[in-house]
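Residue-level structural notes
If you want the building blocks of each chain, they are given just below.
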Protein chains: 2
Amino acid sequence: MTLPAKATVVEVGPRDGFQMEKTFIPTDVKIDIANRLIESGLRRMEVTSFVSPKAVPQMKDAVLVAKGVERVAGLKLSALVPNPVGAQNAALAGVDEMVVFVSASESHNRSNVRRTIAESLDGFDEVARIAQEAGAALHGAVAVAFGCPFEGQVRKEQVSNIIERMTKLGIGSVTLGDTTGMATPPVVRDLCSHLRSVFPKLKISLHFHNTRGIGLVNVYQALQIGMDRFESSVAGLGGCPFAPGATGNIATEDLVYLLHELGIQTGVDLEKLIAAAGHVERVIGRTLPGQVMKAGARLKRYPLAGACTSPPDP
Amino acid sequence: MTLPAKATVVEVGPRDGFQMEKTFIPTDVKIDIANRLIESGLRRMEVTSFVSPKAVPQMKDAVLVAKGVERVAGLKLSALVPNPVGAQNAALAGVDEMVVFVSASESHNRSNVRRTIAESLDGFDEVARIAQEAGAALHGAVAVAFGCPFEGQVRKEQVSNIIERMTKLGIGSVTLGDTTGMATPPVVRDLCSHLRSVFPKLKISLHFHNTRGIGLVNVYQALQIGMDRFESSVAGLGGCPFAPGATGNIATEDLVYLLHELGIQTGVDLEKLIAAAGHVERVIGRTLPGQVMKAGARLKRYPLAGACTSPPDP
C-alpha cells in the first residue's frame, strides 16, 4: 500500500465551526484562535464567511477577522462568499481564496440557499470576475456530494456536472462536502476515481463529517487512492444540525494524529494543535467531539493507576 | 482490495460496558438488554465476568445473568474468568466459553490484577482444567497488546510469547485488546501479520478502542489484511478511565454500519441494533458515544429543513 508522503490539512473551524455557535464569539478571540492554529503549523484556513450579518450575526466581523489574522509566510486564507456582495467584502479583506458553493442535490440547495442549482451556478460568474480583479483564487465547494439527507443517493454525474461548470469559470480546485456524513469507503473510491478521470488536473479536497463514526475511515480510504487534501475542524467544532447529538466535522487534531501515525507529513505540530483545541473547548464552554485532545498523543505516558480492561482479581 | 465476505462481531457491552457503571443495573434489565442484542442477530457475546462480588459489585449477578439470557440457536456466550473460583461459577452458569486474560506489559498486568505476567499465566492451568471438565471453550485475551499507557510501545514478541503459553493450554482463539486506544494501522498490520505467521491456526479477535478517534480506521485496516473477528460494545458503552472524557470501546452499531457499507455480512439487523443501543442509552441515562444510533443508517431521509453546510444566502 502506497500512501502520499504529505497531505494538506485545511482548517475550517473558524468558519464552519464558529458559524454554528449561538453566542457571539468576540472578534479578538476568533483572531487569537486562528493565530494559535497557524502557530501549530496549519497553513490553509477557511477563516470566515462573507454572508449577510442579519442572516448570520456570528460572521458579522468577517472583514475584521480576515484582516486581523497574522499573515505568516505560506499562509493561505480562504473565505466563503455566497454572492457578489460577499465577494467584494472578501476582496476588501484581502483573502487569498474565495469559496463558492452549491449542493449536489436540488433539495439541499433549495433548503440551503433558496435557489436551484442552476441559479447558484449562474451567480458564480460575477463572483469569479470580482475574485479575478482582486487577485484571489476561486475555489468551488459541492455540498452533499456523497449523499443527500433529503434525496438519498447522489449520482456521481450530479457532482461532475457541477464541477464541469465550475472549471469553465477557471476554478481549479474543489471541495467535496460530506455534509451529513453519508460517505463510505466504496462511495469515496467511486466518486473520487470518477472525478479524477474526468478532471485529471483538478485539485480535490475532501471534507468528511463524522456523523456516522467513519469520517477518518473515509480519510484512510481516500489516502489509499492517493487523495491528499482534507478539510477538518479544530476539536471537531461545528457540524450538522439534522441529527441531535450527532457529531459533524472530523477533528483536525484527530486527522493530524492519524496522518502522522501513517507516516504522512502535514507540517503541523500535534502537541501545539492539541493545546489549541483545548483552548477552543474552553472558549466554547462545552465538551467538543475531538478525541486526541482528551487522550493525548499515542505514546503519552500515564501514571500507574487502577484497573482498566478488566476488574481486579478477587 | 479484497475484504472478507463475512465478519464475526462479538458484543462485549454486557461485560466490558456494564462493569464500569457505578449504579447497579438490575439483573432483569441486563438480561433484557442481552436478549435485545441477540434479537438483533448478534451470536457472540461476552455476557458477564465471574469476579469477586466485593471487588466488582456490578457483576455480582454473573450466574443469574448468564443463565437468564435466552439461548437461541447458534448463540455462544462467553465470560471473563480471572481465577479458578470464577471458572467454577462460570461452569455452573453453563457459559460456552471462558476468557482468561493477561496484559502484554508487566506494569499494566500488575496494575490490573496485582500479579506478574508469569503468575497470571501460571494461574490459567487450573482454569483450563475446569473449562475442559465443563465442556467450555477457553479463550485468551491479551490487554494493552498495541501499546501500554505506562510503558509505551509493546513489542510484538511480548504478545507472541504470551500467546505461545496460551496455545500450550489448548487455547485456539485469542483477543488482542487495544486497552487504551494505542493501535494504529501500521501497528495493527505489523502485529497481526506477525501473529498469523507464528500461529497460522489461531483465531484472532481484535478489540479496538476509539480513545484517539481511529478505532474504526483500525478495523478497516484489519479487514484489508483479512482479519474478520471484532469485539465492540453496544452504543460504545464502557472504556478506559485513564483519559477523562475520552471514549473507550468502538460502538457495535457503528462497526456493523461500516461492515455492511463495505459489503461484509454480519448476520445483524442494523435497525434492531440501533433500537437496542437507544434502549441502552435510556437505561444508562447519559449520552453514549455511538454515532449511528444518533444519525441513523446511511440513507435515512430527513424532512426538508434549514441550512446545514453553510449559512443562508443573504
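First, a word on scope: everything that follows refers to the structure included in this document.

Criteria and cut-off values
Each chain has its residues counted from 1, running along the sequence as written. For this description, chains carry letters from A and ligands carry numbers from 1, given in the order in which they are written. Local features in this predicted model are restricted to residues whose pLDDT is 70 or higher, and side-chain atom pairs enter the listing and the counts only when it is 80 or higher, whereas totals over whole chains, interfaces and linings include all residues. Side-chain metrics rest on all non-hydrogen atoms present in the structure, leaving aside hydrogens and water. Secondary structure is summarised from DSSP: a helix means a run of H or I of at least four residues, a strand means a run of E of at least two, and numbering begins at the N terminus for each. Based on C-alpha atoms, the radius of gyration is set beside the globule rule, defined as 2.2 Å times the residue count to the power 0.38. For every residue, the accessible area (1.4 Å probe, protein chains only) is compared with the maximum for its type, and the residue is labelled buried under 20%, exposed over 50%, or partly exposed between those bounds. Using a 1.4 Å probe, accessible areas were evaluated by the Shrake-Rupley method; residue-level cover was limited to the displayed protein chains. When charges are counted, Lys and Arg are positive and Asp and Glu negative, with His and the chain ends excluded. The atoms used to mark charge sites are NZ of Lys, CZ of Arg, CG of Asp and CD of Glu. Orient the strands so they point away from the viewer; a crossover is then right-handed if the path from the first strand over the helix to the second runs clockwise. Centres within 6.5 Å make a pair out of two Phe, Tyr or Trp rings, where for Trp the six-membered ring is used; the pair is then stacked when the planes are under 30 degrees apart, edge-to-face when over 60, and tilted otherwise. We count a charge as sitting over a ring when the NZ of a lysine or the CZ of an arginine lies within 6 Å of the ring centre and within 35 degrees of the ring normal. Paired strands are those between which DSSP finds at least two bridges. The angle between two axes is taken between their N-to-C directions and runs from 0 to 180 degrees, where each axis is a line fitted to C-alpha atoms and a helix contributes only its stretch in contact. Here, residues are in contact when the closest pair of their heavy atoms is within 4.5 Å. A quick way to say it: buried area is the sum, across both parts, of accessible area lost when two parts are put together, with a 1.4 Å probe. Think of a salt bridge as a Lys or Arg side-chain nitrogen and an Asp or Glu carboxyl oxygen that are within 4 Å of each other. Polar contact criterion, stated in full: a pair of N or O atoms within 3.5 Å, where within protein one must be able to donate a hydrogen and the other to accept it, and residues adjacent in sequence count only if both atoms are side-chain atoms. Each residue gets one of three labels, nonpolar for Ala, Val, Leu, Ile, Met, Phe, Trp, Tyr, Cys and Pro, charged for Asp, Glu, Lys and Arg, and polar for the others, Gly among them. Helix span, as expected, comes to 1.5 Å for every residue beyond the first. The copies were overlaid with a least-squares fit restricted to C-alpha atoms from residues scoring a pLDDT of at least 70 in each copy. In plain words, nonpolar cores are sets of buried Ala, Val, Leu, Ile, Met, Phe, Trp, Tyr and Cys residues tied together by side-chain atoms within 4.5 Å. Each residue is assigned a bend, namely the angle between axes fitted to the seven residues that terminate at it and the seven residues that start at it.

A few words on the overall build of chain A. Per the secondary structure count, chain A includes twelve helices and eight strands. Computed over C-alpha atoms, the radius of gyration of chain A comes to 19 Å, within 12% of the 20 Å expected from 2.2 N^0.38 for 314 residues, which places it in the range of a compact globule. Based on the C-alpha atoms only, the size of chain A along its principal axes is roughly 70 × 45 × 35 Å. Burial status across chain A gives 63% buried among its 314 residues. By element, 51% of the accessible surface of chain A is carried by carbon and sulfur atoms, the whole surface being about 11,300 Å². Across chain A, the centroid of the 33 positively charged side chains sits 1 Å from that of the 31 negatively charged ones.

This part takes up the pairing of strand β2 (residues 44-49) of chain A. In terms of burial, β2(A) is a largely internal element, five of the six residues being buried. Once you follow β2(A) into helix α3 (residues 62-68) of chain A and on to strand β3 (residues 76-80) of chain A, the crossover reads as right-handed.

Next up on the list: the packing of aromatic side chains. One pair of aromatic rings is described through two measures. These are the centre distance and the angle between the planes. All names here are of chain A. Applying the stated rule across the entire model yields two aromatic pairs over all chains. Considering the side-chain rings of F146 and F208, the 5.5 Å spacing of their centres and the 45 degrees angle between planes classify their relative orientation as tilted. Note that F146 is positioned in the loop between β5 (137-143) and α7 (156-168) and F208 in the loop between β7 (203-207) and α9 (215-224), a separation of 62 residues in sequence. Here F146 matches F208 in class, with each residue buried. Between K60 and the ring centre of F24, over which it is positioned, the NZ or CZ distance is 4.7 Å.

Glancing now at the sheet that holds strand β2 (residues 44-49) of chain B. Residues and elements named next belong to chain B. The strand order β1-β2-β3-β4-β5-β6-β7-β8 describes a closed barrel built from eight strands, whose pairing is parallel. Going across the sheet, the axis of each strand differs from the next one's by a mean of 25 degrees, ignoring polarity. Bridge count for strand β1 (residues 8-11) against β2 is two bridges, and the pairing is parallel. When the bridges of β2 are listed, V10 appears paired with R44. Where helix α7 (residues 156-168) meets the sheet, it contacts β4 (97-103), β5 (137-143) and β6 (173-177), and its direction lies at approximately 165 degrees from that of β5.

Attention shifts here to the interface of chain B and chain A. Between chain B and chain A, the contact holds 84 residues from the first and 84 residues from the second. For the pair chain B and chain A, the two sides together bury roughly 6,800 Å², of which 58% comes from carbon and sulfur. Summed over the shared surface of chain B and chain A, the number is zero salt bridges. Where chain B meets chain A, there are 25 residue pairs in polar contact (both at pLDDT 80 or more). Contributing elements (two or more residues each) for the side of chain B that touches chain A: α5 (106-113), α8 (185-198), α9 (215-224), α10 (252-261) and α12 (292-295) of chain B. Residues belonging to the side of chain B that touches chain A are distributed by class as follows: 43 nonpolar, 28 polar and 13 charged.

Moving on, we come to the sheet that holds strand β8 (residues 229-232) of chain A. All names here are of chain A. Judged by pairing direction, the barrel is parallel, and its eight strands sit side by side in the order β1-β2-β3-β4-β5-β6-β7-β8 before closing back on the first. Strand-to-strand twist of the sheet, defined as the mean angle between neighbouring strand axes without regard to direction, takes the value 25 degrees. For strand β6 (residues 173-177) and β7, the ladder comprises five bridges, and the chain directions are parallel. Note on β7: the bridge partner recorded for V174 is I204. Here helix α5 (residues 106-113) sits on the sheet and contacts β4 (97-103) and β5; the angle it forms with β4, its principal contact strand, is near 120 degrees. Sitting on the sheet, α7 touches β4, β5 and β6, and the angle it makes with β5 is about 165 degrees.

A separate point is helix α8 (residues 185-198) of chain A. Between its first and last C-alpha, α8(A) extends 20 Å over 14 residues, near the 20 Å set by a 1.5 Å rise per residue. Taken together, the buried positions of α8(A) are occupied by P185(A), V188(A), L191(A), C192(A), H194(A) and L195(A). Among the structural elements, α7, β6, β7 and α9 of chain A together with α9 and α10 of chain B are those in contact with the buried residues of α8(A).

What follows covers the relation of the copies chain B and chain A. Each copy of the sequence occupies a distinct position, and chain B is placed on chain A by a rotation of 180 degrees and an axial shift of 0.0 Å, giving an RMSD of 0.0 Å. Such values leave the two copies arranged in the relation of a two-fold axis. Judged by C-alpha distance, V217(B) is the residue of chain B that lies nearest the rotation axis, at 2.4 Å. A share of 100% of interface residues in chain B that are also interface residues in chain A marks the association as one of identical surfaces.

The buried fraction of β3(A) amounts to four of the five residues, a majority that puts the element mostly inside the structure. Handedness of the β-α-β unit built from β3(A), helix α4 (residues 84-93) of chain A and β4(A) comes out right-handed.

So, on to the nonpolar core. Core analysis: the largest hydrophobic core is formed by 193 residues, its most contacted members being V159(A), L176(A), L206(A), V159(B), L176(B) and L206(B). Residues in contact with L176(B), not counting those within four places in the same chain, are V142(B), A145(B), F146(B), V159(B), I163(B), L191(B), C192(B), L195(B), I204(B), S205(B), L206(B) and H207(B).

Another aspect to go through is the environment of N35(A). Locating N35(A) in the fold gives a position in helix α2 (residues 27-39). For the pair N35(A) and A276(A), spaced 241 residues apart in the sequence, the C-alpha separation amounts to 9.5 Å.

Quick look at unusual backbone geometry now. Within the chain, A235(A) stands out as a residue other than glycine whose phi angle is a positive 65 degrees. Take A235(A): it is sitting in the loop between β8 and α10 (252-261).

Mapped onto the elements of the fold, Q224(A) is located in helix α9. Given the relative accessible area of 17%, Q224(A) is considered buried. Contact partners of Q224(A), with chain neighbours within four places excluded, come to M1(A), T2(A), L3(A), M1(B), Y220(B) and Q224(B).

Below, the discussion takes up the environment of A136(B). Residues and elements named next belong to chain B. Inspection of the secondary structure puts A136 in the loop between α6 (117-134) and β5. On the basis of relative accessibility, which here comes to 11%, the residue A136 falls in the buried class. Sequence-wise, A136 and A91 are 45 residues apart; in three dimensions their C-alpha atoms are separated by 7.5 Å. Setting aside residues no more than four positions away along its own chain, A136 makes contact with V95, D96, E97, M98 and A131.

One full turn of an α-helix is made of 3.6 residues, so residues set three or four places apart face in the same direction. Residues and elements named next belong to chain A. Over its 18 residues, helix α6 (residues 117-134) extends 26 Å from the first C-alpha to the last, a length consistent with the 26 Å expected when each residue adds 1.5 Å. In the structure, α6 departs most strongly from a straight axis at E126, where the bend amounts to approximately 25 degrees. Looking at α6, one finds that the buried residues are I117, S120, L121, F124, V127, A128, I130 and A131. Contacts from the buried residues of α6 go to α4, β4, α5, β5 and α7. The first or second residue beyond α6 is G135, which carries a positive phi of 75 degrees.

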